[in-house]
Amino acid sequence: MRYVYASRNGNVALLVDRLHLSRPIYIDTGNEICKEDFILLTYTDDVGELPYEAENFLSINMSYIRGVIVSKKKNTATQAGDKIAAIYGVDCLYQVEEEGNEEDVIQIKKILEKRKK
Ligand SMILES: Cc1cc2nc3c(=O)[nH]c(=O)nc-3n(C[C@H](O)[C@H](O)[C@H](O)COP(=O)(O)O)c2cc1C
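Residues numbered from 1 in each chain as written. Predicted model: local features only at pLDDT ≥ 70, side-chain atom pairs only at ≥ 80, totals over all residues. Heavy atoms only, no water.

Asker: Can you help me understand the overall build of the protein chain in this one?
Answerer: Looking only at helices and strands, the protein chain features 4 helices and 5 strands. Moving toward the C terminus, one meets the helices and strands of the protein chain in the order β-α-β-β-α-β-α-β-α. Against the compact-globule benchmark of 13 Å for 117 residues, the protein chain has a radius of gyration of 13 Å, which places it among compact chains. Projected onto its principal axes, the C-alpha positions of the protein chain cover 30 × 30 × 25 Å. (Helix = DSSP H or I, 4+ residues; strand = E, 2+ residues; numbered from the N terminus. Rg over C-alpha atoms; globule rule 2.2 N^0.38 Å.)

Written out as structure tokens, the structure is:
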């Protein structure tokens with residue numbers, strides 16, 4: 001399993017660091033190619049939307065997505081995870097506020113461990 005992530009201000013990048021994921025792929029423009037199963041970690045943008053670069057990445061690599069983890073702001077609209085889940089037929093595995101806390105890291109590690117291949 002590969003892990004790809006979008007991060008504009010560093011929260012998701014910090015979370016990815018704390019999860020000690022192997023060979024994570026940073027989504028910069030969204031034109032990156034991933035031809036292996038992956039889990040997407042992304043932030044939420046613009047009233048619950050998926051960021052542009054993540055949307056672009058998915059339009060190219062959609063057949064390999066196996067789940068999504070979404071970072072969001074407290075008390076803010078966050079349809080991004082549900083949207084990805086509905087469009088691409090995968091589970092929204094976890095929603096985390098900002099960069100998450102130690103408990104989030106423990107929970108996410110457990111979830112990812114189960115889906116490791
Ligand atoms: C311009 C802007 C719009 C945002 N819109 C939303 C939103 O609609 N819903 C939400 O839950 N979080 C929203 N957020 C919060 C981010 O998704 C959250 O802070 C996330 O942790 C940012 O990740 P990053 O630091 O890796 O970019 C927004 C943040 C910014 C800067």
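Now that the structure has been shown, the text picks up again.
Asker: Explanation requested: the pattern of salt bridges in the structure shown.
Answerer: Side chains that differ in charge, positive against negative, can pair when their charged atoms come close. Within this structure, the stated rule accounts for 6 salt bridges. For the salt bridge of Arg2 with Glu36, the shortest nitrogen-to-oxygen distance reads 3.2 Å. With Arg2 in strand β1 (residues 2-5) and Glu36 in the loop between β2 (25-26) and β3 (38-43), this residue pair connects regions lying 34 residues apart in the sequence. Linking Asp37 and Arg66 is a salt bridge whose minimum nitrogen-to-oxygen distance equals 3.1 Å. (Salt bridge = Lys/Arg side-chain N within 4 Å of Asp/Glu carboxyl O.)

Asker: Help me out: how do you make sense of the sheet that holds strand β4 (residues 65-72) in this one?
Answerer: In any sheet, the strands associate via hydrogen bonds between backbone groups, in a parallel or an antiparallel arrangement. Taken together, the 5 strands give an open sheet; going across it, the order is β2-β1-β3-β4-β5, and neighbouring strands pair in parallel fashion. On the outer flanks of this sheet lie β2 and β5 (92-97), each paired with one strand and no other. In terms of strand pairing, β1 meets β2 through 2 bridges, oriented parallel. Directly across from Val4, in β2, lies its bridge partner Ile25. Packing of helix α3 (residues 80-88) onto the sheet brings it into contact with β3, β4 and β5, and relative to β4 it is tilted by some 165 degrees. Packed onto the sheet, helix α4 (residues 102-114) meets β1, β3, β4 and β5 and runs at close to 165 degrees relative to β5. (Pairing = 2+ DSSP bridges. Contact = heavy atoms within 4.5 Å. Axes fitted to C-alpha atoms, helices over the stretch in contact; angles between N-to-C directions.)

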